[in-house]
Amino acid sequence: MQTISHEAGELLRRGVVIPACPLALNAQRKFDERRQRGLARYYLAAGAGGIAVGVHSTQFAIRERGLYRPVLELVVEEMKRNPRRTVRIAGACGNTDQALSEAEIARELGYDAVLLSLGAMRTASNEELIQHCSSVAKALPLVGFYLQPSAGGRLLPYSFWRRFAEIENVVAIKIAPFNRYQTIDVVRAVVESEREDIALYTGNDDNIVLDLVTPFRFGAMGRGVRIVGGLLGHWAVWTKRAVELLEECHGIVKQNAPITPELLQRSIQITDSNAAFFDAANGYAGCIPGIHEVLRRQGLLEGTWCLDRNEKMSPGQAQEIDRVYRAYPGLNDDAFVAEHLDQWLR
(Lines give C-alpha, C1' and ligand atoms only; values in the text may rest on other atoms or scores of the structure.)
Protein backbone atom coordinates (compact mmCIF):
# COMPACT_ATOMS: atom_id res chain seq x y z
CA MET A 1 0.00 0.00 0.00
CA GLN A 2 1.43 3.37 -1.02
CA THR A 3 1.13 5.99 1.70
CA ILE A 4 1.29 9.73 1.24
CA SER A 5 4.71 11.38 1.30
CA HIS A 6 5.67 13.46 4.32
CA GLU A 7 5.75 16.69 2.26
CA ALA A 8 2.36 16.17 0.61
CA GLY A 9 0.77 15.04 3.87
CA GLU A 10 2.05 18.10 5.70
CA LEU A 11 0.66 20.40 3.00
CA LEU A 12 -2.74 18.70 3.06
CA ARG A 13 -3.02 18.91 6.83
CA ARG A 14 -1.86 22.54 6.93
CA GLY A 15 -4.56 23.49 4.44
CA VAL A 16 -4.02 24.78 0.91
CA VAL A 17 -5.88 26.08 -2.13
CA ILE A 18 -6.54 23.22 -4.58
CA PRO A 19 -8.31 24.27 -7.78
CA ALA A 20 -10.43 21.63 -9.50
CA CYS A 21 -8.82 21.89 -12.91
CA PRO A 22 -10.98 22.44 -16.01
CA LEU A 23 -10.31 20.83 -19.39
CA ALA A 24 -8.91 23.04 -22.16
CA LEU A 25 -10.48 22.36 -25.57
CA ASN A 26 -10.25 24.12 -28.93
CA ALA A 27 -13.15 24.98 -31.24
CA GLN A 28 -13.11 21.43 -32.64
CA ARG A 29 -13.48 20.13 -29.07
CA LYS A 30 -10.00 18.63 -29.22
CA PHE A 31 -7.57 18.68 -26.32
CA ASP A 32 -5.69 22.00 -26.27
CA GLU A 33 -2.39 21.09 -24.67
CA ARG A 34 -0.97 24.61 -24.81
CA ARG A 35 -3.84 26.13 -22.88
CA GLN A 36 -4.00 23.19 -20.47
CA ARG A 37 -0.38 23.87 -19.59
CA GLY A 38 -1.22 27.55 -19.30
CA LEU A 39 -3.96 26.79 -16.78
CA ALA A 40 -1.64 24.67 -14.64
CA ARG A 41 1.03 27.38 -14.75
CA TYR A 42 -1.54 29.98 -13.73
CA TYR A 43 -2.62 27.98 -10.68
CA LEU A 44 0.97 27.39 -9.59
CA ALA A 45 1.98 31.04 -10.12
CA ALA A 46 -1.09 32.17 -8.18
CA GLY A 47 0.16 30.21 -5.17
CA ALA A 48 -2.17 27.21 -5.23
CA GLY A 49 -0.97 24.45 -2.92
CA GLY A 50 -2.12 21.70 -5.28
CA ILE A 51 -4.19 20.89 -8.35
CA ALA A 52 -6.94 18.29 -8.68
CA VAL A 53 -7.36 16.88 -12.19
CA GLY A 54 -9.60 14.23 -13.67
CA VAL A 55 -12.37 15.49 -11.38
CA HIS A 56 -15.89 16.84 -12.05
CA SER A 57 -14.57 20.18 -13.35
CA THR A 58 -12.25 18.32 -15.77
CA GLN A 59 -15.39 16.59 -17.13
CA PHE A 60 -15.98 12.95 -16.34
CA ALA A 61 -16.33 12.33 -20.11
CA ILE A 62 -12.55 12.55 -20.58
CA ARG A 63 -12.55 8.84 -19.83
CA GLU A 64 -14.76 8.00 -22.82
CA ARG A 65 -12.61 10.16 -25.12
CA GLY A 66 -9.28 8.59 -24.16
CA LEU A 67 -8.13 11.80 -22.46
CA TYR A 68 -7.82 10.65 -18.85
CA ARG A 69 -4.15 9.73 -18.97
CA PRO A 70 -3.02 12.51 -21.36
CA VAL A 71 -4.61 15.25 -19.24
CA LEU A 72 -3.26 13.85 -15.95
CA GLU A 73 0.18 13.41 -17.47
CA LEU A 74 0.39 16.96 -18.81
CA VAL A 75 -0.75 18.61 -15.57
CA VAL A 76 1.54 16.55 -13.34
CA GLU A 77 4.49 17.46 -15.60
CA GLU A 78 3.87 21.12 -14.80
CA MET A 79 3.54 20.41 -11.09
CA LYS A 80 6.79 18.42 -11.06
CA ARG A 81 8.56 21.16 -13.02
CA ASN A 82 7.57 23.79 -10.47
CA PRO A 83 10.23 24.25 -7.74
CA ARG A 84 7.55 24.52 -5.04
CA ARG A 85 6.14 21.19 -3.85
CA THR A 86 2.39 20.97 -4.34
CA VAL A 87 -0.23 18.31 -3.68
CA ARG A 88 -1.06 16.25 -6.78
CA ILE A 89 -4.59 14.88 -6.70
CA ALA A 90 -6.19 12.73 -9.40
CA GLY A 91 -9.88 12.01 -9.69
CA ALA A 92 -11.20 8.46 -9.99
CA CYS A 93 -14.73 7.23 -10.53
CA GLY A 94 -16.80 4.30 -11.76
CA ASN A 95 -17.01 0.77 -10.41
CA THR A 96 -14.17 -0.78 -8.44
CA ASP A 97 -12.29 -2.09 -11.48
CA GLN A 98 -12.42 1.30 -13.22
CA ALA A 99 -11.54 3.29 -10.11
CA LEU A 100 -8.61 0.96 -9.34
CA SER A 101 -7.36 1.26 -12.90
CA GLU A 102 -7.48 5.05 -12.68
CA ALA A 103 -5.78 5.07 -9.27
CA GLU A 104 -3.00 2.90 -10.69
CA ILE A 105 -2.52 5.31 -13.61
CA ALA A 106 -2.35 8.20 -11.15
CA ARG A 107 0.20 6.36 -9.01
CA GLU A 108 2.33 5.59 -12.05
CA LEU A 109 2.30 9.27 -13.06
CA GLY A 110 3.34 10.45 -9.61
CA TYR A 111 0.11 11.67 -8.03
CA ASP A 112 -0.08 11.83 -4.25
CA ALA A 113 -3.69 10.85 -3.71
CA VAL A 114 -6.92 9.99 -5.48
CA LEU A 115 -10.22 11.86 -5.06
CA LEU A 116 -12.84 9.12 -5.29
CA SER A 117 -16.28 9.93 -6.68
CA LEU A 118 -19.05 7.49 -5.71
CA GLY A 119 -21.68 8.85 -8.10
CA ALA A 120 -21.61 5.76 -10.30
CA MET A 121 -22.55 3.54 -7.35
CA ARG A 122 -25.95 5.06 -6.66
CA THR A 123 -27.61 1.83 -5.53
CA ALA A 124 -24.70 0.36 -3.56
CA SER A 125 -25.12 -0.28 0.17
CA ASN A 126 -22.87 1.33 2.77
CA GLU A 127 -21.01 -1.97 3.11
CA GLU A 128 -20.43 -2.18 -0.66
CA LEU A 129 -19.24 1.42 -0.74
CA ILE A 130 -16.79 0.86 2.10
CA GLN A 131 -15.38 -2.24 0.40
CA HIS A 132 -15.02 -0.23 -2.83
CA CYS A 133 -13.22 2.64 -1.05
CA SER A 134 -10.96 0.24 0.86
CA SER A 135 -9.90 -1.44 -2.37
CA VAL A 136 -8.99 1.85 -4.03
CA ALA A 137 -7.13 3.02 -0.91
CA LYS A 138 -4.74 0.10 -1.33
CA ALA A 139 -3.56 1.59 -4.61
CA LEU A 140 -3.13 5.21 -3.56
CA PRO A 141 -3.96 7.43 -0.54
CA LEU A 142 -7.61 8.33 -0.58
CA VAL A 143 -9.45 11.65 -0.51
CA GLY A 144 -13.14 11.11 0.22
CA PHE A 145 -15.63 13.08 -1.83
CA TYR A 146 -19.16 14.04 -0.83
CA LEU A 147 -20.45 15.36 -4.17
CA GLN A 148 -23.93 16.84 -4.23
CA PRO A 149 -26.49 14.74 -6.16
CA SER A 150 -27.28 17.57 -8.62
CA ALA A 151 -23.67 17.40 -9.84
CA GLY A 152 -23.61 13.62 -10.19
CA GLY A 153 -23.09 12.51 -6.60
CA ARG A 154 -25.30 10.61 -4.15
CA LEU A 155 -26.48 10.98 -0.57
CA LEU A 156 -24.01 9.54 1.95
CA PRO A 157 -25.19 9.32 5.58
CA TYR A 158 -23.22 9.82 8.79
CA SER A 159 -22.97 6.03 9.16
CA PHE A 160 -21.05 5.81 5.89
CA TRP A 161 -18.59 8.56 6.81
CA ARG A 162 -18.02 7.07 10.25
CA ARG A 163 -16.94 3.79 8.60
CA PHE A 164 -15.02 5.64 5.89
CA ALA A 165 -12.91 7.43 8.51
CA GLU A 166 -11.66 4.04 9.72
CA ILE A 167 -10.01 3.23 6.36
CA GLU A 168 -6.30 3.40 7.11
CA ASN A 169 -5.12 5.19 3.97
CA VAL A 170 -7.68 8.01 4.00
CA VAL A 171 -5.80 11.33 4.09
CA ALA A 172 -8.53 13.92 3.47
CA ILE A 173 -12.19 14.46 2.66
CA LYS A 174 -13.65 16.99 0.25
CA ILE A 175 -17.02 18.01 1.68
CA ALA A 176 -19.27 19.25 -1.14
CA PRO A 177 -22.93 18.40 -0.47
CA PHE A 178 -23.93 22.12 -0.53
CA ASN A 179 -25.92 21.33 2.60
CA ARG A 180 -25.23 22.27 6.24
CA TYR A 181 -26.69 19.10 7.75
CA GLN A 182 -24.68 16.82 5.48
CA THR A 183 -21.52 18.84 5.99
CA ILE A 184 -21.91 18.35 9.75
CA ASP A 185 -22.40 14.61 9.21
CA VAL A 186 -18.94 14.34 7.67
CA VAL A 187 -17.17 16.51 10.22
CA ARG A 188 -18.81 14.75 13.18
CA ALA A 189 -17.92 11.35 11.75
CA VAL A 190 -14.25 12.30 11.53
CA VAL A 191 -14.26 13.79 15.03
CA GLU A 192 -15.88 10.71 16.54
CA SER A 193 -13.44 8.41 14.73
CA GLU A 194 -10.67 10.11 16.76
CA ARG A 195 -8.55 10.33 13.62
CA GLU A 196 -6.42 13.48 13.70
CA ASP A 197 -4.62 12.83 10.43
CA ILE A 198 -7.60 13.32 8.08
CA ALA A 199 -7.61 16.81 6.58
CA LEU A 200 -11.03 18.35 5.95
CA TYR A 201 -11.50 20.42 2.79
CA THR A 202 -14.48 22.44 1.74
CA GLY A 203 -16.03 21.73 -1.62
CA ASN A 204 -19.07 23.81 -0.68
CA ASP A 205 -18.66 26.56 -3.26
CA ASP A 206 -21.79 28.19 -1.81
CA ASN A 207 -20.28 28.62 1.68
CA ILE A 208 -16.51 28.84 1.29
CA VAL A 209 -15.59 31.51 3.80
CA LEU A 210 -17.75 30.32 6.67
CA ASP A 211 -16.53 26.75 6.20
CA LEU A 212 -12.95 28.01 6.58
CA VAL A 213 -13.46 30.01 9.78
CA THR A 214 -15.99 27.85 11.64
CA PRO A 215 -14.80 25.87 14.69
CA PHE A 216 -16.60 22.52 14.79
CA ARG A 217 -17.09 20.96 18.23
CA PHE A 218 -19.66 18.34 19.24
CA GLY A 219 -20.31 18.27 22.98
CA ALA A 220 -18.74 20.44 25.66
CA MET A 221 -15.69 18.19 26.05
CA GLY A 222 -15.39 17.15 22.43
CA ARG A 223 -12.32 17.67 20.26
CA GLY A 224 -12.56 20.76 18.08
CA VAL A 225 -11.70 20.55 14.37
CA ARG A 226 -11.65 22.90 11.42
CA ILE A 227 -11.92 22.71 7.67
CA VAL A 228 -8.37 23.67 6.72
CA GLY A 229 -8.51 24.30 2.97
CA GLY A 230 -10.56 24.08 -0.17
CA LEU A 231 -10.72 21.82 -3.20
CA LEU A 232 -13.11 23.81 -5.31
CA GLY A 233 -14.33 24.40 -8.83
CA HIS A 234 -14.84 28.03 -7.83
CA TRP A 235 -11.14 28.28 -7.08
CA ALA A 236 -10.37 27.30 -10.69
CA VAL A 237 -10.93 31.02 -11.39
CA TRP A 238 -9.71 34.11 -9.56
CA THR A 239 -7.21 31.76 -7.93
CA LYS A 240 -4.76 34.38 -6.67
CA ARG A 241 -7.58 35.96 -4.67
CA ALA A 242 -8.47 32.50 -3.31
CA VAL A 243 -4.90 32.07 -2.03
CA GLU A 244 -5.09 35.45 -0.32
CA LEU A 245 -8.47 34.56 1.19
CA LEU A 246 -7.23 31.28 2.64
CA GLU A 247 -4.19 33.01 4.15
CA GLU A 248 -6.55 35.55 5.74
CA CYS A 249 -8.78 32.81 7.15
CA HIS A 250 -5.77 30.91 8.51
CA GLY A 251 -4.61 34.12 10.19
CA ILE A 252 -7.99 34.62 11.86
CA VAL A 253 -7.94 31.05 13.17
CA LYS A 254 -4.34 31.21 14.37
CA GLN A 255 -4.86 34.48 16.23
CA ASN A 256 -8.35 33.56 17.44
CA ALA A 257 -9.40 36.91 15.97
CA PRO A 258 -13.02 38.01 15.56
CA ILE A 259 -14.76 37.52 12.23
CA THR A 260 -15.37 41.01 10.91
CA PRO A 261 -18.55 42.27 9.23
CA GLU A 262 -16.39 42.98 6.16
CA LEU A 263 -15.39 39.31 5.89
CA LEU A 264 -19.00 38.21 6.28
CA GLN A 265 -19.99 40.64 3.54
CA ARG A 266 -17.22 39.31 1.29
CA SER A 267 -18.45 35.79 1.99
CA ILE A 268 -21.82 36.71 0.49
CA GLN A 269 -20.15 38.38 -2.48
CA ILE A 270 -18.12 35.23 -3.18
CA THR A 271 -21.26 33.10 -2.96
CA ASP A 272 -23.12 35.49 -5.27
CA SER A 273 -20.26 35.24 -7.77
CA ASN A 274 -20.34 31.48 -7.53
CA ALA A 275 -24.08 31.47 -8.25
CA ALA A 276 -23.30 33.19 -11.55
CA PHE A 277 -20.35 31.00 -12.47
CA PHE A 278 -22.08 27.76 -11.49
CA ASP A 279 -25.50 28.69 -12.89
CA ALA A 280 -27.28 28.01 -9.61
CA ALA A 281 -30.49 29.52 -11.00
CA ASN A 282 -30.74 26.63 -13.47
CA GLY A 283 -29.76 23.74 -11.22
CA TYR A 284 -26.05 24.08 -12.12
CA ALA A 285 -26.68 23.20 -15.78
CA GLY A 286 -24.04 25.72 -16.88
CA CYS A 287 -21.57 25.04 -14.07
CA ILE A 288 -18.58 23.91 -16.14
CA PRO A 289 -19.05 26.28 -19.12
CA GLY A 290 -19.55 29.12 -16.63
CA ILE A 291 -16.09 28.50 -15.19
CA HIS A 292 -14.77 28.30 -18.75
CA GLU A 293 -16.35 31.67 -19.54
CA VAL A 294 -14.44 33.42 -16.77
CA LEU A 295 -11.19 31.81 -17.96
CA ARG A 296 -12.06 32.78 -21.55
CA ARG A 297 -12.52 36.39 -20.57
CA GLN A 298 -9.08 36.32 -18.97
CA GLY A 299 -7.52 34.76 -22.10
CA LEU A 300 -6.60 31.47 -20.46
CA LEU A 301 -9.13 29.46 -22.49
CA GLU A 302 -10.10 30.01 -26.11
CA GLY A 303 -13.79 29.27 -25.55
CA THR A 304 -16.36 27.64 -23.29
CA TRP A 305 -16.61 24.35 -25.21
CA CYS A 306 -17.25 21.10 -23.36
CA LEU A 307 -16.93 17.53 -24.63
CA ASP A 308 -20.72 17.26 -24.54
CA ARG A 309 -22.06 19.65 -27.21
CA ASN A 310 -25.23 20.08 -25.16
CA GLU A 311 -23.30 21.37 -22.16
CA LYS A 312 -23.29 25.14 -22.55
CA MET A 313 -24.08 28.28 -20.61
CA SER A 314 -27.73 28.88 -19.81
CA PRO A 315 -29.66 31.86 -21.20
CA GLY A 316 -28.82 34.89 -19.08
CA GLN A 317 -25.78 33.30 -17.44
CA ALA A 318 -23.27 35.52 -19.27
CA GLN A 319 -25.21 38.56 -18.08
CA GLU A 320 -25.04 37.26 -14.50
CA ILE A 321 -21.26 36.92 -14.84
CA ASP A 322 -21.18 40.50 -16.19
CA ARG A 323 -23.14 41.61 -13.12
CA VAL A 324 -20.84 40.06 -10.52
CA TYR A 325 -17.77 41.36 -12.36
CA ARG A 326 -19.19 44.88 -12.09
CA ALA A 327 -20.43 44.47 -8.52
CA TYR A 328 -17.28 42.93 -6.98
CA PRO A 329 -14.19 44.16 -8.89
CA GLY A 330 -11.97 43.37 -5.89
CA LEU A 331 -12.63 39.62 -6.19
CA ASN A 332 -11.04 39.01 -9.59
CA ASP A 333 -7.37 38.57 -10.46
CA ASP A 334 -7.61 39.81 -14.05
CA ALA A 335 -4.63 42.17 -13.70
CA PHE A 336 -2.41 39.35 -12.41
CA VAL A 337 -3.44 37.09 -15.29
CA ALA A 338 -2.93 39.82 -17.89
CA GLU A 339 0.59 40.47 -16.61
CA HIS A 340 1.71 36.85 -16.99
CA LEU A 341 -0.57 35.34 -19.65
CA ASP A 342 1.92 35.40 -22.52
CA GLN A 343 4.53 33.68 -20.37
CA TRP A 344 2.10 30.91 -19.30
CA LEU A 345 0.93 30.23 -22.86
CA ARG A 346 4.40 29.93 -24.42
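Nothing here was measured: the structure is a model prediction, and the numbers come from that model.

1. So, the environment of Glu311
Turning to its location among the elements, Glu311 is positioned in the loop between helix H11 (287-298) and helix H12 (317-327). As a C-alpha pair, Glu311 and Pro289 span 22 residues in sequence and 7.2 Å in three-dimensional space.

2. Considering the packing of helix H9 (residues 239-255) against helix H10 (residues 261-278)
The packing of two helices is summarised by the inter-axis angle and the distance between the axes. Two numbers describe how H9 lies on H10: the axes approach to 13 Å, and their chain directions differ by 145°. Here the hand of the crossing between H9 and H10 comes out left-handed. Each of Leu245, Glu248 and Ile252 in H9 lies in contact with H10, whose residues at this interface are Glu262, Leu263, Arg266 and Ile270. Taken together, the residues of the contact of H9 with H10 break down into four nonpolar, no polar and three charged.

3. Describing the side chain of Ser273
Positionally, Ser273 belongs in helix H10. Its relative accessible area of 0% is what places Ser273 among the buried residues. Excluding anything up to four places from it in sequence, Ser273 contacts His234, Trp238, Val324, Tyr328 and Leu331.

4. Here's the deal with the pairing of strand E3 (residues 87-92)
For E3, a buried count of six out of six residues is recorded, marking the element as mostly surrounded by other parts of the structure. The side-chain alternation of E3 yields two buried faces, one formed by Val87, Ile89 and Gly91 and the other by Arg88, Ala90 and Ala92. Once you follow strand E2 (residues 50-53) into helix H3 (residues 68-81) and on to E3, the crossover reads as right-handed. As defined by bridge partners, E3 adjoins strand E4 (residues 113-116) across four bridges and the pair is classed as parallel. Looking across to E4, one finds that Ile89 is bridged to Ala113. In the classification by handedness, the crossover that spans E3, the intervening helix H4 (residues 96-109) and the parallel E4 is right-handed.

5. With respect to empty space enclosed by the protein
Tallying each qualifying case throughout the model produces two cavities of 30 Å³ or more. Its volume calculated, the largest cavity comes out at about 170 Å³. Along the wall of the largest cavity there are 19 residues; nearest its centre are His56, Leu147, Lys174, Asp205 and Phe278. At the level of elements, strand E5 (142-147) and strand E6 (170-176) are the ones that each hand at least two residues to the lining of the largest cavity. Residue composition of the lining of the largest cavity, grouped by class: twelve nonpolar, five polar and two charged. If you add up the space inside the second largest cavity, you get close to 40 Å³. Taken together, Pro22, Ser57, Phe278, Cys287, Ile288, Ile291 and His292 make up the lining of the second largest cavity. It is H11 that contributes the most residues to the lining of the second largest cavity, four residues altogether.

6. Topic: unusual backbone geometry
One non-glycine residue, Arg29, lies in positive phi territory at about 60°. Note that Arg29 resides in the loop between strand E1 (17-19) and helix H2 (33-46). One non-glycine residue, Glu194, lies in the positive phi region at around 65°. The topology assignment puts Glu194 in the loop between helix H7 (180-193) and strand E7 (199-202).

Cut-off values and rules
Residues numbered from 1 in each chain as written. Predicted model: local features only at pLDDT ≥ 70, side-chain atom pairs only at ≥ 80, totals over all residues. Heavy atoms only, no water. Helix = DSSP H or I, 4+ residues; strand = E, 2+ residues; numbered from the N terminus. Axes fitted to C-alpha atoms, helices over the stretch in contact; angles between N-to-C directions. Left-handed = near helix turned anticlockwise from the far one by under 90°. Contact = heavy atoms within 4.5 Å. Nonpolar A, V, L, I, M, F, W, Y, C, P; charged D, E, K, R; others polar. Buried < 20%, exposed > 50% of the residue type's maximum accessible area, 1.4 Å probe, protein only. Right-handed = clockwise from strand over helix to strand, strands pointing away. Pairing = 2+ DSSP bridges. 1 Å grid on protein atoms, 1.4 Å probe; cavity = no way out; pocket = protein on both sides within 12 Å on 5 of 7 lines; lining within 4 Å. Points joined across faces, edges and corners; volume = space filled by probe spheres on them.

By themselves, these are just geometric observations and shouldn't be taken as functional.
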